[in-house]
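Descriptive structure summary
Spelled out from the first residue to the last, the chains are:
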Amino acid sequence: MRHFLDLASAGADGIAAILNDALDAKAARKGWPKGRADADASLAGHTLACVFEKSSTRTRVSFDMAMRQLGGSALVLDAGTTQLGRGETIADTARVLSGYCDAIMVRTDDPAKLGEMVRYSSVPVINGLTDHSHPCQIVADLLTVIEAGKALPGTKWAWLGDGNNVLHSIVEAGALMGFDVVAACPEGYDPAPGVLSAAGARATITRDPVAAVRDADVVVTDTWISMGQAHAEQKLAAMAPYQVDAALMAQAKSDAVFLHCLPAHRGEEVTPEVIDGPQSHIWPEAENRLHAQKAILRWCFGLVG
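Residues numbered from 1 in each chain as written. Predicted model: local features only at pLDDT ≥ 70, side-chain atom pairs only at ≥ 80, totals over all residues. Heavy atoms only, no water.

So, on to the overall build of the protein. From N to C terminus, the protein includes twelve helices and nine strands. Whereas a compact globule of 305 residues would reach a radius of gyration of roughly 19 Å, the protein reaches 19 Å, a difference of no more than 12%. Relative to its full complement of 305 residues, the protein shows a buried share of 53%. With the model as given, the accessible surface of the protein reaches about 12400 Å², and the carbon-plus-sulfur share is 53%. Taking the 26 positively charged and 36 negatively charged side chains of the protein as two groups, their mean positions are separated by 5 Å. (Helix = DSSP H or I, 4+ residues; strand = E, 2+ residues; numbered from the N terminus. Rg over C-alpha atoms; globule rule 2.2 N^0.38 Å. Buried < 20%, exposed > 50% of the residue type's maximum accessible area, 1.4 Å probe, protein only. Areas by Shrake-Rupley, 256 points an atom, 1.4 Å probe, with all protein chains shown as cover. Lys, Arg positive; Asp, Glu negative; His and termini not counted. Charge placed at Lys NZ, Arg CZ, Asp CG, Glu CD.)

Next up, the structure:
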């Protein structure tokens, strides 16, 4: 049984196998209706329980559609409409869902909740997001960069803004797949202690957004105010110098790829001319959540890697 809790769960070889599987499966169904099952329907008869303690659009729809295309089905469960919202423990929920379903995807806040789900689950568990990491999103990002014609090893990725869960997983990806990450974050908004040091020389931090973006192959940002965060005005003021506008994007390579995991706030972390411009790959990136998730599910069931 394989859990997908972070990118290191699969390792470099596993991530490479997941990416190759996603590319092949996506190409094989080009032009097909979205709801049609893959030719091999490799997870026919399987059911995924999707547990949401945080709101979602892309994670919710992509995992549901992933299971449909794999020939299986998904149950979407919100904490507010299940016993989780009335105080039932994660441990009890894990035991119950393991008896009903073949795998569990969790989107939550505290990574300790994900860990508890793993401890008490007898089926594979997938990290759909925690406050610490967002590995499924980064698999989609890696897939998008490859489709844009860039080999991952040796590339430079620039991050602008908050040292959040998405950055944590990008740094982890860089260490595994051999690319460099330069994160430009304002004072007081650095990534969690240990995240950069664990990546060694592959990850650095700067206060200078121009230095981060200069000659970058990939430029990435995210919304500055995450779900449930307070002190918005203070944070927006600190983040303002890190907005990705045309002048900053021009510091990157001429063929640099712009990524944003969405939802976006045009005029805050990124200007419309960048996110809606020719270097933006946000729509393929969003679609690739589906193809990445399919390959991750297949990996969890031992069908990949």
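Further notes follow.
Tracing the backbone through its elements, the reader meets Glu285 in helix α12 (residues 282-300). Here Glu285 falls in the buried class, since its relative accessible area comes to 1%. For the pair Glu285 and Thr144, spaced 141 residues apart in sequence, the C-alpha separation works out to 5.5 Å. Apart from the residues lying within four places of it in its own chain, the contact partners of Glu285 are Gln137, Ala140, Asp141, Thr144, Leu259, His260 and Cys261. (Contact = heavy atoms within 4.5 Å.)

This part covers the nonpolar core. Residues Phe4, Ile15, Ile18, Leu142 and Trp157 are the most contacted members of the largest nonpolar core, which totals 57 residues. One finds Val213, Val219, Met249 and Ala256 within the second-largest nonpolar core, a separate group that totals 20 residues. (Core = buried A, V, L, I, M, F, W, Y, C linked by side-chain atoms within 4.5 Å.)

Time to look at the sheet that holds strand β3 (residues 103-107). Read from one edge of the open sheet, four strands run β2-β1-β3-β4, paired in parallel fashion. The sheet is open, and its two borders are formed by β2 (73-78) and β4 (125-129), each paired with just one other strand. If you compare each strand with its neighbour and ignore which way they point, the axes differ by 20° on average. Strands in contact with helix α3 (residues 90-100) are β1 (47-52), β2 and β3; relative to β3, the strand with the most contacts, it is inclined by about 140°. (Pairing = 2+ DSSP bridges. Axes fitted to C-alpha atoms, helices over the stretch in contact; angles between N-to-C directions.)

Before going further, it helps to spend a moment on the sheet that holds strand β7 (residues 203-206). If you walk across this open sheet you meet the five strands as β7-β6-β5-β8-β9, and the pairing is parallel. Looking along the sheet, the strands with just one partner apiece sit at the ends: β7 and β9 (257-260). This sheet shows a mean twist of 20° between the axes of neighbouring strands, independent of strand direction. Pairing of strand β5 (residues 156-160) with strand β8 (residues 218-221) involves four bridges; the strand directions are parallel. Looking across to β8, one finds that Ala158 is bridged to Val219.

Let us now look at α12. Each full turn of the α-helix corresponds to 3.6 residues, which orients residues three or four apart in the same direction. With 19 residues, α12 should cover 27 Å at 1.5 Å per step; its first-to-last C-alpha distance of 27 Å lies within 8% of that length. With 15 of its 19 residues buried, α12 lies for the most part within the structure. Looking one or two places after α12, you find Gly302, whose phi comes out positive at around 75°. (Expected span 1.5 Å × (residues − 1).)

Below, the discussion takes up the packing of helix α5 (residues 135-147) against α12. At a minimum axis distance of 8 Å, the contact between α5 and α12 shows a crossing angle of 115°. It follows that α5 is roughly perpendicular to α12 by the angle criterion. Of the two elements, α5 crosses α12, and the hand of that crossing is right-handed. Along the contact surface, α5 presents Cys136, Gln137, Val139, Ala140, Asp141, Leu143, Thr144 and Glu147, while α12 presents Pro284, Glu285, Asn288, Arg289, His291, Ala292, Gln293 and Ile296. Taken together, the residues of the contact of α5 with α12 break down into seven nonpolar, five polar and four charged. (Parallel < 35°, antiparallel > 145°, perpendicular 65-115°, else oblique. Left-handed = near helix turned anticlockwise from the far one by under 90°. Nonpolar A, V, L, I, M, F, W, Y, C, P; charged D, E, K, R; others polar.)

Within β4, five of the five residues are buried, which leaves it mostly tucked inside the rest of the structure. Relative to β4, β3 runs parallel, the two being bridged by four bridges. The partner of Met105 across the bridge, within β4, is Ile126.

A separate point is unusual backbone geometry. Following Leu262, the chain continues into Pro263 via a peptide bond in cis, with omega recorded as 5°. Positionally, Pro263 belongs in the loop between β9 and α11 (272-275). Here the phi dihedral of Asp215 falls at roughly 65°; this positive angle occurs in a residue that is not glycine. Among the structural elements, Asp215 can be located in the loop between α8 (209-213) and β8. A positive phi angle, near 70°, is found at Leu262, a position not held by glycine. Assignment of secondary structure puts Leu262 in the loop between β9 and α11.

Function cannot be read off these values alone, since they describe shape.
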